[in-house]
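One letter stands for each residue in the lines below.
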Amino acid sequence: MSPSTPGIHHVTAIGADPGRNRQFYTETLGLRLVKRSVNQDDPTVYHLFYGDREGNPGTSMTVFPYPGATPGESGSGQATTVQFTIPDAAVEFWLDRLDEAGIDRDEPIERFGDTVIPLRDPDGLALELVATDAPAGSPPAGPVPEAHAIRGFFGVTLTVAADEGFTGLLEAMGYQETDRTAARTRYESSGELGAVLDVQVDPEAPRGRQGAGTVHHVAFRVGESTQAEWRALLQDRGLRPTEVIDRKWFESVYARTPAGILFEFATAEPGYTVDEALEDLGTKLVLPDWLEERRAEIEAELPPFDSNVNA
């Protein structure tokens, strides 16, 4: 039996100014900064992790903020929109909050029976707040009252120029088609958070270009004991998965899909509290063991960062 995923583990985007990024995701959206580290493939750049109070998989938005990064272009071969779930009764609260904060947003729309608030983060990344019968979750104590707080991911929108076996891959991963319009097809997995993938097949869409305001990759939740099975599944689909990579807080396998979108398959364990107490998450720069000996060099190259973040 093939392995299946309950949904998204985390989404990683590219940003520009780290302070502005932190302010938006923590002070405006009310997420908690649960890990402040560096891009392990480029330690001169922060890797910021936001999420619920514990940084649970399914709630973790992460960003590589490259100071001065040029804007990217959203298009085919990308996850083009990141969707968060909010409680049904929170729509008016969020409209007022976004307007008071001067956030670039559109008027709410209805999609597949849900009310959706489209907005952009400071780098232009397309986000949506989707009002649902949201799970209780563990929202952080912060600027957004718990009754209205973001619960985690709803899903992402994936834009591809042609199917090229892409939806077959999603089905092999455990997703099933649940709805469709002329513009998009909805696939859902079994999880409570981050279970939705909306696929737009658009041969006219321009090819996406990475830069500030675009998604770098989408990670899915998998079990540690199934990583070998996931690698075999991806190879059977004609992909070239990486070996299992230790990312300190989870173990990952990466594969680029035929549509051009980079997928990651990440374990829930050991989690963000493996190297910080729950109450201390995000309050200092944390490095994986293999970068610790370079701490002085890394800290000297990183831009200043305000560590006084309220959890």
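- In the nomenclature of an unreviewed UniProt entry, the chain is known as Glyoxalase/bleomycin resistance protein/dioxygenase of Halodesulfurarchaeum formicicum.

## Focus on the sheet that holds strand β3 (residues 42-51)
Two strands in a sheet stick together by hydrogen bonds in their backbones, pointing the same way (parallel) or opposite ways (antiparallel).
Then step 1. Across the sheet, which stays open at both edges, the 8 strands sit in the order β2-β3-β4-β1-β13-β16-β15-β14 with mixed pairing between neighbours. The sheet terminates laterally at β2 (32-39) and β14 (245-246), the two strands that pair on one side only.
Then step 2. Here 5 bridges tie strand β13 (residues 214-222) to strand β16 (residues 262-267), and the two strands are oriented parallel to one another. Bridging from a neighbouring strand, V218 pairs with F263 of β16.
Then step 3. Running at roughly 10 degrees to β3, helix α1 (residues 18-28) makes contact with β2, β3 and β4 (60-65) of the sheet.
Then step 4. Along the sheet, helix α4 (residues 227-236) contacts β13, β15 (251-256) and β16; its crossing angle with β15, the most-contacted strand, is approximately 5 degrees.

## Notes on the UniProt feature "domain: VOC" (unreviewed entry) in the chain
Then step 1. The sites that carry the UniProt feature "domain: VOC" (unreviewed entry) are, in the present numbering, residues 7-132 and 152-268.
Then step 2. Secondary structure within residues 7-132 divides into 17% helix and 47% strand; the distance between the first and last C-alpha atoms comes to 17 Å.
Then step 3. Along residues 152-268, the helical share is 15% and the strand share 40%, with 15 Å between the first and last C-alpha atoms.

## Describing the packing of aromatic side chains
Then step 1. Summed over the entire model, instances satisfying the criterion amount to 12 aromatic pairs.
Then step 2. Between F24 and Y25 the ring centres are 4.9 Å apart and the planes differ by 90 degrees, which places this aromatic pair in the edge-to-face class. Like F24, the residue Y25 is buried in the burial classification.
Then step 3. Residues F263 and F265 carry aromatic rings whose centres are separated by 6.5 Å and whose planes lie at 80 degrees to one another, so their mutual orientation is edge-to-face. In this structure, F263 and F265 share a single accessibility class: buried.
Then step 4. An aromatic cluster is present here, built from F166, Y175, F220, W230, F263 and F265 joined pairwise through their rings.

## Things to note about the nonpolar core
The nonpolar side chains of soluble globular proteins are, as a tendency, buried together.
Then step 1. Residues Y25, F84, W94 and F263 are the most contacted members of the largest nonpolar core, which totals 65 residues.
Then step 2. Setting aside its immediate chain neighbours within four residues, Y25 contacts G30, L31, Y50, M61, V63, D121, L125 and L127.

## Topic: the environment of A182
Then step 1. For A182, the location among the structural elements is in the loop between β10 (176-180) and β11 (185-188).
Then step 2. Judged by relative accessible area, A182 falls into the exposed class, the value being 90%.
Then step 3. For the pair formed by A182 and V201, sequence separation is 19 residues and the distance between their alpha carbons is 9.7 Å.

## A word on the pairing of β2
Working note: regular strand, side chains alternate between the two faces of the sheet.
Then step 1. Counting buried positions along β2 yields 8 of 8 residues, so the element is predominantly enclosed.
Then step 2. Pairing geometry for β2 and β3, over 7 bridges, is antiparallel. Bridged to L33 within β3 is Y50.
Then step 3. Where β2 hands over to β3, the hairpin turn is made up of 2 residues, counted between the paired strands.

## Here's the deal with the environment of A147
Then step 1. By the secondary structure assignment, A147 is in the loop between β8 (126-132) and β9 (152-160).
Then step 2. Judged by relative accessible area, A147 falls into the exposed class, the value being 55%.
Then step 3. Separated by 60 residues in the primary sequence, A147 and P87 have C-alpha atoms spaced 7.6 Å apart.

## Some points on unusual backbone geometry
Then step 1. The amide bond that connects E269 to the next residue, P270, takes the cis arrangement and shows omega of 5 degrees.
Then step 2. Along the polypeptide, P270 turns up in the loop between β16 and α5 (289-292).
Then step 3. Non-glycine residue F112 carries a positive phi angle of around 50 degrees.
Then step 4. In this structure, F112 sits in the loop between β6 (109-111) and β7 (114-120).
Then step 5. Given a relative accessible area of 24%, F112 falls into the partly exposed group.
Then step 6. Non-glycine residue K248 carries a positive phi angle of around 80 degrees.
Then step 7. Note on placement: K248 falls in the loop between β14 and β15.
Then step 8. The exposure class assigned to K248 is buried, which follows from its relative accessible area of 17%.

## Remarks on the pattern of salt bridges
Then step 1. One pass over the full model with this rule turns up 21 salt bridges.
Then step 2. Of the charged contacts in the structure, one is a salt bridge between R247 and D41, with a shortest N-O distance of 3.4 Å. Taken together, the residues R247 in the loop between β14 and β15 and D41 in the loop between β2 and β3 connect sequence positions 206 residues apart.
Then step 3. The salt bridge partner of R111 is E128, with a shortest N-O separation of 2.8 Å. Pair noted here: R111 is in strand β6 and E128 is in strand β8, with a separation of 17 residues, a long-range link.

Quick notes on the rules
- In this numbering scheme, every chain counts its residues from 1 along its sequence in written order.
- Residues qualify for local features only when their pLDDT is at least 70, as the model is predicted, and side-chain atom pairs are given and counted only at 80 or more; totals for whole chains, interfaces and linings, by contrast, use all residues.
- Hydrogens and water molecules were not included; the side-chain quantities draw on all heavy atoms of the structure.
- In this analysis, strands are considered paired if DSSP registers two or more bridges between them.
- Note on conventions: DSSP H or I runs of at least 4 residues are helices, E runs of at least 2 residues are strands, and numbering of each starts at the N terminus.
- Contacts between residues were defined by any pair of non-hydrogen atoms, one from each residue, lying within 4.5 Å.
- Between the N-to-C directions of two axes lies an angle of 0 to 180 degrees, each axis being a line fitted to C-alpha atoms and, for a helix, fitted only over the stretch in contact.
- UniProt positions are given in the numbering used here, feature names are shortened, and annotations may be inferred rather than shown by experiment.
- Centre distance within 6.5 Å is the pairing criterion for rings of Phe, Tyr and Trp, where only the six-membered ring of Trp is used; planes under 30 degrees apart are then read as stacked, over 60 as edge-to-face, and the remainder as tilted.
- Whether a residue is buried, partly exposed or exposed follows from its accessible area with a 1.4 Å probe, protein chains only, as a fraction of its type maximum: under 20%, in between, or over 50%, in that order.
- We define the nonpolar core as a collection of buried residues of types Ala, Val, Leu, Ile, Met, Phe, Trp, Tyr and Cys that are connected through side-chain atoms lying within 4.5 Å of one another.
- Only one rule defines a salt bridge in this text: a Lys or Arg side-chain nitrogen within 4 Å of an Asp or Glu carboxyl oxygen.

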